[in-house]
Amino acid sequence: MEQVHQIVLTERNLLTVTRLNEVISFDDTTVNLDVGGSTLTISGSSLTVQKLSLNEEEGREIIIAGSIDAVVYTDGGRRRRRLFGL
């Protein structure tokens, strides 16, 4: 059974994702994460990774800061659902 991940967005400038499987890619405009078989794409500007822990004991989380414009789930290359975005 896969563990449930959690997303916390604070004022569109701080995003915490827990129980991620993998960081696929990141730069200052886009962060792609594997969360339970889906890809979670965070897009915006001036994005920085403030914390990254892929250790099971520490909770496997990432904290991203910057101007966050969209948070989108994709599944198998197809857009599945949009959590937050323009």
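Up top is the structure.
Quantities reported herein were computed from a predicted structural model and do not represent experimental measurements. Per-chain numbering applies: the sequence of each chain, read as written, is numbered from 1 onward. Under the rules for a predicted model, residues below a pLDDT of 70 receive no local features and side-chain atom pairs below 80 are neither given nor counted, while totals for whole chains, interfaces and linings still include all residues. Hydrogens are left out, water is left out, and the side-chain values use all remaining heavy atoms of the structure.

Quick look at the overall build of the chain
Phase 1: If you tally the helices and strands in the chain, you get zero helices and seven strands.
Phase 2: Only DSSP runs of H or I covering at least 4 residues are called helices, and only runs of E covering at least 2 are called strands; the numbering of each starts at the N terminus. Listing the helices and strands of the chain from first to last along the sequence gives β-β-β-β-β-β-β.
Phase 3: Any two residues having at least one pair of non-hydrogen atoms within 4.5 Å are treated as being in contact. When contacts within the chain are restricted to residue pairs at least 6 apart in sequence, those whose partners lie at least 24 apart make up 42%.
Phase 4: Using a 1.4 Å probe, accessible areas were evaluated by the Shrake-Rupley method; residue-level cover was limited to the displayed protein chains. A total of about 5,300 Å² of accessible surface is found on the chain, and carbon and sulfur atoms cover 46% of it.

Section: the side chain of Ser53
Phase 1: Its location among the elements puts Ser53 in strand S5 (residues 38-53).
Phase 2: For each residue, the accessible area found with a 1.4 Å probe, counting protein chains only, is set against the maximum for its type, and the residue is called buried under 20%, exposed over 50%, and partly exposed in between. Using a relative accessible area of 4% as the deciding quantity, one classes Ser53 as buried.

What to know about the pattern of salt bridges
Phase 1: Throughout this description, the term salt bridge denotes a Lys or Arg side-chain nitrogen within 4 Å of a carboxyl oxygen of Asp or Glu. Summed over all chains, the structure comprises three salt bridges.
Phase 2: Note that Asp69 and Arg12 form a salt bridge whose closest N and O atoms lie 3.8 Å from each other. Pair noted here: Asp69 is in strand S6 (residues 61-75) and Arg12 is in the loop between strand S1 (6-10) and strand S2 (14-18), with a separation of 57 residues, a long-range link.
Phase 3: Residue classification places Asp69 among the partly exposed residues on the basis of a relative accessible area of 28%.
Phase 4: Residue classification places Arg12 among the partly exposed positions, given a relative accessible area of 35%.
Phase 5: With its nearest N and O atoms 2.9 Å apart, the salt bridge here joins Glu61 to Lys51. Here Glu61 is found in strand S6, whereas its partner Lys51 is found in strand S5, with 10 residues between them in sequence.

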